[in-house]
Amino acid sequence: MMADVLIRTYESRDYDAVRALFARGMVDYLPSTCKYLLRLRRVHLIILASFITFYLVFRSLFMSSLGVVALLAGGRLLLILVFQNVINKAHKKDLQNIEESYMLRQNACFWVAETNGQVVGMVGVQPVPGSCYDVVLRRLSVAKDHQHKGIATTLCRHVVDFARHRGYKHVTLNTSTIQHAAHKLYLNMGFRKTRSKKISNFFGRLAKASITYYSYDIQT
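Residues numbered from 1 in each chain as written. Predicted model: local features only at pLDDT ≥ 70, side-chain atom pairs only at ≥ 80, totals over all residues. Heavy atoms only, no water.

- Per an unreviewed UniProt entry, the recorded name for the chain is N-acetyltransferase domain-containing protein, and the organism is Eleutherodactylus coqui.

### Things to note about the state of the cysteines
Thought 1: Summed over the entire model, instances satisfying the criterion amount to zero disulfides.
Thought 2: Sulfur of Cys156: no disulfide; nearest cysteine sulfur belongs to Cys109 and is 14 Å away.
Thought 3: According to the relative accessible area criterion, Cys156 is buried, its value standing at 0%. (Disulfide = S-S within 2.5 Å. Buried < 20%, exposed > 50% of the residue type's maximum accessible area, 1.4 Å probe, protein only.)

### Things to note about the sheet that holds strand E1 (residues 6-9)
Thought 1: Taken in spatial order, the seven strands of this open sheet run E1-E2-E3-E4-E5-E7-E6, and their pairing is mixed. Pairing within the sheet leaves two strands with one partner each, and these edge strands are E1 and strand E6 (192-198). On average, adjacent strands in this sheet sit at an angle of 25° to one another, irrespective of strand direction.
Thought 2: With three bridges connecting them, strand E4 (residues 134-142) and strand E5 (residues 170-176) associate as parallel partners. Bridge pairing links Val136 to Thr172 in E5.
Thought 3: On top of the sheet, helix H1 (residues 15-27) reaches strand E2 (109-115), strand E3 (118-127) and E4; it is set at about 90° to E3, its chief contact. (Pairing = 2+ DSSP bridges. Helix = DSSP H or I, 4+ residues; strand = E, 2+ residues; numbered from the N terminus. Axes fitted to C-alpha atoms, helices over the stretch in contact; angles between N-to-C directions. Contact = heavy atoms within 4.5 Å.)

### What about helix H2 (residues 30-38)?
Thought 1: Within H2, burial applies to Leu30, Thr33, Cys34, Tyr36 and Leu37. Considered in projection along H2, the buried side chains sweep an arc of 160° and stay on one side of the axis. (Arc of directions from axis to C-beta.)

### Observations concerning the nonpolar core
Thought 1: Among the nonpolar cores identified, the biggest contains 57 residues, and Val18, Phe110, Trp111, Leu137, Val171, Tyr186 and Phe191 are the most heavily contacted of them.
Thought 2: Ranked by the residues each element gives to this core, the list is headed by helix H6 (residues 151-165), at eight residues.
Thought 3: With near-sequence residues (within four places) excluded, Phe191 lies in contact with Val171, Leu173, Tyr186, Tyr214, Ser215 and Tyr216. (Core = buried A, V, L, I, M, F, W, Y, C linked by side-chain atoms within 4.5 Å.)

### Some words on the side chain of Asp94
Thought 1: With respect to the secondary-structure elements, Asp94 resides in the loop between helix H4 (61-92) and helix H5 (98-103).
Thought 2: Among the polar contacts made by the side chain of Asp94, one reaches the side chain of Tyr102 at a distance of 2.5 Å. (Polar contact = N/O pair within 3.5 Å; in protein donor to acceptor, adjacent residues only side chain to side chain.)

### Side note on the pairing of E2
Thought 1: Counting buried residues in E2 gives seven out of seven residues, a clear majority hidden from the surface.
Thought 2: Burial along E2 is two-sided: Cys109, Trp111, Ala113 and Thr115 facing one way and Phe110, Val112 and Glu114 facing the other are all buried.
Thought 3: Relative to E2, E1 is paired through four bridges, and the arrangement is antiparallel. Directly across from Thr9, in E2, lies its bridge partner Trp111.
Thought 4: The pairing of E2 with E3 spans seven bridges and is antiparallel. Its bridge partner lying in E3, Val112 is registered against Met122.
Thought 5: Hairpin geometry of E2 and E3 is characterised by an intervening segment of two residues between the two adjacent antiparallel strands and by a positive phi of about 50° at Asn116.

Following this line, the structure appears as structure tokens:
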């Protein structure tokens with residue numbers, strides 16, 4: 001499955017591809033996030049309450065239904081803006097200058113997965129500030145049409161090997177509620193959950209979303 005995929009360290013020529021890959025990866029979560037939200041009881045109650053309110057105002061089933069459709073469309077637009085904000089923040093932080101954030105930083109690195117000259121995966125690792133024992137795995141992403149081929153697992157193993165060779169004891173990371181495939185990947189690789197933190201903004205409260213933290217204990 002991995003025969004035609006090359007895992008190599010990041011080069012400056014990969015800059016645009018890496019940033020685009022991260023953005024596409026975030027956008028790919030939009031449909032599953034919408035489905036997740038529409039399964040929540042509190043969202044059902046909001047939709048029902050909205051329908052009743054529209055009916056009391058318009059006295060029309062058609063207009064009430066149209067109002068609910070408009071409400072859902074507005075909610076989807078708001079969700080797009082939330083995702084775009086996440087992308088923009090990443091592009092202005094470590095992905096603004098990948099060489100400075102990773103390649104020129106001590107005990108940090110960034111890898112890409114390449115096939116047929118195209119970047120289809122990426123991952124980074126940085127030391128945890130103030131710790132001599134922990135590194136953090138960051139920005140793991142694989143293009144949608146190249147998932148389920150073992151690329152993400154191989155990228156994670158590069159991070160673990162990198163940390164082991166430098167004497168670190170733990171690889172840490174965090175991921176959100178909606179990233180179901182990521183949770184499964186990390187648990188299958190032997191990461192353990194260490195804690196969970198609720199997302200306190202409006203979207204987080206509505207979606208009952210949280211950030212889960214994981215740690216991988218490196219065997220020496």
